[in-house]
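Observations on the three-dimensional arrangement
Spelled out from the first residue to the last, the chains are:
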Amino acid sequence: MSTITTQDKPKQSITKVLGNYSFILIFFAILLVYLIINAGATTWSGVMNILRHSTVVGIIAFGMGLTIITGGIDLSVGSMLSLIGGISVVVFNATNSPILTLLFALTGGFVLGSINGLLIGKVKMPPFIVTLATMMIYRSIAQYYLRAVERKSIYNMDGTLSAYQGFYDFGQSKLFDLIPTVGIILILVTVVMVFLSTSTKYGRTIYAVGSNERAAMLAGISVEWVRVSVYVLTGVLCGLAAFIWLAMNGSVDPATLGRSNEMYAIAAVVIGGVSMSGGKGNLLGILFGAMSYNIIDKIIAAMRFDALINDTIKGAILLVAVLIQIMIPVLRGKFRKKEA
Amino acid sequence: MTSKETGRDMLEMKGISKSFFGVRVLDKVDLTVGHGEVHALLGENGAGKSTLMNILGGVYTRDAGQVIFLGKPLENTTVRLAENAGIAFVHQELNLFNDLRVYENIFLRKEIVHSFGVLAKKEMIARTQELMAQLGVDIPATAMVSELETSKKQMLEIAKALYAKAELFILDEPTTSLNTAEIEMLFDLIRRLREHGKSFIFISHKLQEVFEIADRYTVLRNGQMVQTGDIAQVTATDIARMMVGQQYTDQSVYQPRELGEVVLKAEKLSGQGFRQVSFSVRRGEIVGFTGLKGAGISEMFSTIFGALPIYGGKLTLFGEEITSNTVRGAMRRRLAMIPSNRKENSVIPDFSLLENFYISEHRLSENEPIINKNTELKRYGTHRDALSIKANTPYDMITSLSGGNQQKVILARWLNTRSDILLLDNPTQGIDVGSKAEIYSLIQQLALEGKTILVNTLEIPEIMKVADRCVVFFHGRVHTILDREQITEERVMIAATNAAQTEVNA
């Protein structure tokens, strides 16, 4: 019965390119609005600040993107950031070594991510529930440890340590006095993630699992381990993000750090054009998604709105972005019909 | 017991025709069912039984013909209309709500209510208990449907239809998932209802059951009615012969070959849905496996390929006994499986042809983690030419291809792993006739190149085209192994329906 061959050539029509790269369009639209509203930001450093301020959420969002592509989700990213960040402060204060702090942060991310991953991939519990639970657990541990053991209200890096200044400066530094170093890390992470997802054998298995789990299994892919691996990777990326947060800010308030970051990361992923149903999406979009979301913050600040209206606007923009993504294929279909 | 004389038949279907996309699947079929009669509707897969029943049940509309039910013509039948008229279609996949209770299912959309729409639970439960008692069925009115065994669910469906005043019940392979005791319970219920003048259309591949329960029969073949009559006047072999007909095997592509050593051996192998299976296959051999739906062959293929666990017995591949079977392990031993149900089990819909092609080979070459696009394109090109895959570019989405071309991409996926043993589970499912022929000549060609091929198919003519031997399954066991010269449709069908056994018992 299936003789429905579409013999038309894969035209790189404008609508198709727009559909695949709508995240760039959205980014420039939002950037334009920002630059119009706040003409003062139309400087190199103004634009670079967008990159810098997108780094933490951007790195987390790549992890979120991977889990969403497999058909899952990781709600615990903000709490991982908080717990790893907080304990990393303790580690730094004890060791006076940024390198050891980084190693600890990455290892910590690996461990926390493994807990999520094993429960989801091996025990086969639903990702939403597992990470909802660990979201509560990880943040609570961060807050409890601070009060019960450290007896403080905030994790503060010890400014008197010899390595402190260098570590903090690294967070503020600019390469060639032009590009923020942390922004370069975000771009490096983007390059690595895009390469991983498009050009490695492992990367394609992530998409295969999200697209058709059963077919992936019967094609020889170890679906369980692919699932475990994306949550582990997300944890490690959260560890890296926590380390960068420390370099940029020097302290961690476990009650607020990373709060709602899971939502911002999901929003960045969705604006970046990754399908929430899994199997599809270009990771490059996540970089633009994260930056778009950061600009919205800046627009609200520039317009001197009450900060509490922030999430209303962000939510509305998310809805519009998704609407555009849904409409493009519909419009494309209508054009096709007219041509035919 | 023959149909009771009540002057007029309960159901009369005359000259029913139906085409799908220009292909005629029913051609002037007649079917009459009397009052208080169990009527067996028989035929091979694809003979048109389901289509005919779907027309009767209002799922499809007929192109031509007449349906008279209880003396009244049925026109523009919809599912609702058929139900209201008194026709109950008990589907293979049961139409019950698992998360509701028994009485809630019976009274769904017919709830008895007090004032303000409050449900009269007590009354509904009491009536359900009454109904079950009448039927002599032991189903608690307040049990959750999900907790009932399949047989009880089936009886509940019948009870539900009965409550809705059904006169004619269509039972589509009702016994496939039942054990012998459960089948007896179901048959008892059918017999009791028959005495009250209810009628049944009974679709089954199990001739033994047909002879036990049915009064009359109608055989369909290729969308045409072959014969109808009293079951007492025929034998199981007669029926099998009528189902197959005088078919010919045109365009045999078979070529005799030298066979090598034994590469695959199953000894009393058991797994999910099959038991105590023994056979061996030699290098370069093509072995056809056939059996009715649910005979256990697909499950056995999956088990050999490591996707389902071995319950017992011994599996030997290339002289090495398999102790823990995994898909990876099977792939490393150069096994490949093209599963049935391409859309669910093979195709990765968000991937291009190229990606669908290379995905499995990557599992064997993970020591080189980076994809080399040129190598992949070259390999794809070779297989595209060898299998004559028709596509514009390797970057086209696989879902844009026809079924036959999709299947060739999947075949290419597994040839690319340089596998030696290919397990093909229903490889021509949902594929047009031309592609089917192509796939079978490919199978022949691959065997000539020294590959060993196991094919599971329900279509016996296809086996006759290529197979060196044919293993016929019945109920999860090997019933008969036929050599090439012995393979005839009739023999295979008799074995697959266990007809010979039926006659001995009868």
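Residues numbered from 1 in each chain as written. Chains lettered and ligands numbered in written order. Predicted model: local features only at pLDDT ≥ 70, side-chain atom pairs only at ≥ 80, totals over all residues.

**A look at the overall build of chain A**
- A tally of regular secondary structure across chain A gives 14 helices and 4 strands.
- For chain A, whose C-alpha radius of gyration is 21 Å, the value lies close to the compact-globule estimate of 20 Å for 340 residues.
- Taking the principal axes of the C-alpha coordinates as reference, chain A spans close to 75 × 55 × 35 Å.
- When burial is assessed residue by residue, chain A has 45% of its 340 residues classed as buried.
- Contacts spanning at least 24 positions in sequence make up 79% of the contacts within chain A whose residues lie at least 6 apart. (Helix = DSSP H or I, 4+ residues; strand = E, 2+ residues; numbered from the N terminus. Rg over C-alpha atoms; globule rule 2.2 N^0.38 Å. Buried ≥ 20, exposed ≤ 12 C-beta atoms within 10 Å, placed from the backbone. Contact = placed C-beta atoms within 7 Å.)

**Focus: the sheet that holds strand E12 (residues 274–282) of chain B**
Residues and elements named next belong to chain B.
- Taken in spatial order, the 4 strands make up an open sheet running E12-E11-E14-E15, and their pairing is antiparallel. Strand pairing shows two members of the sheet lacking a second neighbour, E12 and strand E15 (320–321), which therefore form its edges.
- Pairing analysis gives 2 bridges linking strand E14 (residues 310–317) to E15, with the strands arranged antiparallel. In the sheet register, Leu 317 faces E15, and the bridge partner there is Glu 320. (Pairing = 2+ DSSP bridges.)

**Considerations on the pairing of strand E18 (residues 452–456) of chain B**
Residue and element names in this part refer to chain B.
- With respect to burial, E18 is a largely interior element, 5 of its 5 residues being buried.
- With burial as the criterion, each face of E18 is covered, one bearing Thr 452, Leu 454 and Asn 456 and the other bearing Ile 453 and Val 455.
- Bridge count between strand E17 (residues 421–425) and E18: 5 bridges; the pairing is parallel. In the sheet register, Asp 425 faces E18, and the bridge partner there is Asn 456.

**Thoughts on the interface of chain A and chain B**
- Every contact between the two is made by 27 residues of chain A and, on the other side, 34 residues of chain B.
- For the side of chain A that touches chain B, the leading source of residues is helix H9 (residues 201–211) of chain A, giving 6 residues.

**Brief notes about the domain arrangement of chain B**
Residue and element names in this part refer to chain B.
- Domain boundaries assigned for chain B yield domain 1 (1–86 + 167–246), domain 2 (95–165), domain 3 (255–334 + 420–506) and domain 4 (342–419).
- Here the C-alpha centre of domain 3 lies 32 Å away from the C-alpha centre of domain 1.
- Within the residue set of the side of domain 1 that touches domain 3, elements represented by two or more residues are helix H7 (207–213) and helix H8 (236–244).
- For the side of domain 1 that touches domain 3, the element with the most residues is H8, which contributes 6 residues. (Domains from an automatic or database assignment.)

**Let's talk about the nonpolar core**
- Formed by 234 residues in total, the largest nonpolar core has its most connected members in Ile 60, Ala 241 and Ala 268 of chain A together with Leu 423 of chain B.
- Looking at this core, the element that brings in the most residues is helix H11 (residues 223–249) of chain A, giving 17 residues.
- Excluding residues that lie within four positions of it along the chain, Ala 241 of chain A makes contacts with Val 56, Ile 59, Ile 60 and Leu 81 of chain A. (Core = buried A, V, L, I, M, F, W, Y, C linked by C-beta atoms within 7 Å.)

**Overview of unusual backbone geometry**
All names here are of chain B.
- Even without a glycine there, the phi angle at Asn 222 is positive, about 50°.
- Note on placement: Asn 222 falls in the loop between strand E9 (216–221) and strand E10 (224–230).
- Judged by local crowding, Asn 222 falls into the partly exposed class, with 16 C-beta atoms found within 10 Å.
- Positive phi, close to 50°, is recorded for Lys 268, a residue that is not glycine.

**Focus on helix H9 (residues 297–304) of chain B**
Residue and element names in this part refer to chain B.
- Extensive coverage of H9 is indicated by the burial of 7 of its 8 residues.
- Within H9, the full set of buried residues consists of Ile 297, Ser 298, Met 300, Phe 301, Ser 302, Thr 303 and Ile 304.
- Note on H9: the residue one or two positions beyond its end, Gly 306, has a positive phi of about 90°.

**Considering the sheet that holds strand E7 (residues 168–172) of chain B**
Residues and elements named next belong to chain B.
- Pairing is mixed in the open sheet, where 6 strands are placed in the order E6-E7-E8-E3-E9-E10. Each edge of the open sheet is held by one strand with a lone partner, namely strand E6 (87–90) and E10. Across the sheet, the mean angle separating the axes of adjacent strands is 15° when strand polarity is ignored.
- Judged from the 4 bridges that link them, strand E3 (residues 38–42) and E9 form a sheet pairing that is parallel. Considered in E9, the bridge of Leu 42 is made with Val 219. (Axes fitted to C-alpha atoms, helices over the stretch in contact; angles between N-to-C directions.)

**Observations concerning the environment of Gly 223 of chain B**
Residues and elements named next belong to chain B.
- Counting through the fold element by element, Gly 223 comes out in the loop between E9 and E10.
- Since 23 C-beta atoms lie within 10 Å of it, Gly 223 is described here as buried.
- Along the primary structure Gly 223 and Glu 184 are separated by 39 residues, whereas in three dimensions their C-alpha atoms are 31 Å apart.
- Not counting residues up to four positions away in its chain, the partners in contact with Gly 223 are Arg 24, Val 25, Leu 26, Asp 27 and Gly 48.

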